[in-house]
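Listed below are the residues making up each chain.
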Amino acid sequence: MKSFLAFFAAMGIIVAMGDAYCWSKIYKPGEAQNGCTVNGKLYPFGHIERTEDCYTCSCSERSLQCCSLFHTPVAYDNKKCKVVFNKERCDYDVVQKDDPSKMCSVYARVG
């Protein structure tokens, strides 16, 4: 039974980590003449590896499509731990509330 639960938890982590949060915007003709704007910053047409807000995007005159580079922790000990966004790594750290230098275990994340 324990091995089944461990397998189930591992599969949940793998599935959650493989599914990023994505969104898109369709532009009206002439709306995106100089590139695409993501959260107030103009980016050139083409592939955007990483925005300032940790998204990877594809920008064209017709549309903007972006997916998050981070995954939000949803299964961890929320009584002993807290979630802190690490903008340098574009991911969330889950650390102990009493000692933020120590990491906590995360059992599942969503994109």
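Residues numbered from 1 in each chain as written. Predicted model: local features only at pLDDT ≥ 70, side-chain atom pairs only at ≥ 80, totals over all residues. Heavy atoms only, no water.

Colleague: Could you clarify how one ought to interpret the environment of Leu42 in this entry?
Modeller: Of note, Leu42 is situated in strand β3 (residues 41-43). Exposure remark for Leu42: the relative accessible area of 48% places this residue in the partly exposed category. In the structure, Leu42 is positioned 10 residues away from Ala32 in sequence and 9.8 Å away in space, judged by C-alpha atoms. Setting aside chain neighbours within four positions, we find Leu42 in contact with Asn34, Gly35, Cys36 and Thr37. (Helix = DSSP H or I, 4+ residues; strand = E, 2+ residues; numbered from the N terminus. Buried < 20%, exposed > 50% of the residue type's maximum accessible area, 1.4 Å probe, protein only. Contact = heavy atoms within 4.5 Å.)

Colleague: What am I meant to see in the sheet that holds strand β4 (residues 46-48) here?
Modeller: Think of a sheet as strands paired side by side through backbone hydrogen bonds, with each pair either parallel or antiparallel. Pairing is antiparallel across the open sheet formed by four strands, whose spatial order is β1-β6-β5-β4. Looking at strand neighbours, the two that pair on one side only are β1 (22-26) and β4, the edges of this open sheet. Strand-to-strand twist of the sheet, defined as the mean angle between neighbouring strand axes without regard to direction, takes the value 10 degrees. Taken together, the five bridges between β1 and strand β6 (residues 63-68) define a ladder with antiparallel strand orientation. Bridge pairing in β6 links Lys25 to Leu64. (Pairing = 2+ DSSP bridges. Axes fitted to C-alpha atoms, helices over the stretch in contact; angles between N-to-C directions.)

Colleague: Please clarify how the pattern of salt bridges should be interpreted in this entry.
Modeller: Side-chain pairing between opposite charges can occur once the charged atoms of the two side chains come close. The full count for this structure, using the stated rule, is five salt bridges. Notably, a salt bridge pairs Arg89 with Asp93, separated by 2.1 Å at the nearest N-O pair. Using a relative accessible area of 46% as the deciding quantity, one classes Arg89 as partly exposed. (Salt bridge = Lys/Arg side-chain N within 4 Å of Asp/Glu carboxyl O.)

Colleague: Is there a simple way to think about the pairing of β6 in this case?
Modeller: Regular strands place their side chains on alternate faces of the sheet. In the sheet, strand β5 (residues 55-59) pairs with β6 via five bridges, with the strands oriented antiparallel. Each residue of the ladder has a partner; that of Ser58, found in β6, is Gln65. As consecutive antiparallel partners, β5 and β6 are separated by three residues.

Colleague: What's the story with the state of the cysteines in this structure? I'm lost.
Modeller: Structurally, a disulfide amounts to a covalent bond that connects the sulfur atoms of two cysteines. Tallied over the full model, the rule gives five disulfides. Put simply, Cys36 and Cys59 are joined by a disulfide, and their sulfur atoms are 2.0 Å apart. Its torsion about the S-S bond being 90 degrees, the disulfide of Cys36 and Cys59 is classed as right-handed. Pair noted here: Cys36 is in strand β2 (residues 36-38) and Cys59 is in strand β5, with a separation of 23 residues, a long-range link. Pair check on accessibility: Cys36 and Cys59 agree, each one buried. With its sulfur 2.1 Å from that of its partner, Cys57 forms a disulfide with Cys66. (Disulfide = S-S within 2.5 Å.)

Colleague: For this particular structure, what's the right way to read the packing of aromatic side chains?
Modeller: Both the distance between ring centres and the angle between the ring planes are used here to describe each pair of aromatic rings. Within this structure, the stated rule accounts for five aromatic pairs. Considering the side-chain rings of Trp23 and Tyr55, the 6.1 Å spacing of their centres and the 80 degrees angle between planes classify their relative orientation as edge-to-face. Of this pair, Trp23 sits in strand β1 while Tyr55 is found in strand β5, placing the two residues 32 residues apart along the sequence. Exposure remark for Trp23: the relative accessible area of 27% places this residue in the partly exposed category. (Phe/Tyr/Trp six-rings, centres within 6.5 Å; stacked < 30°, edge-to-face > 60°.)

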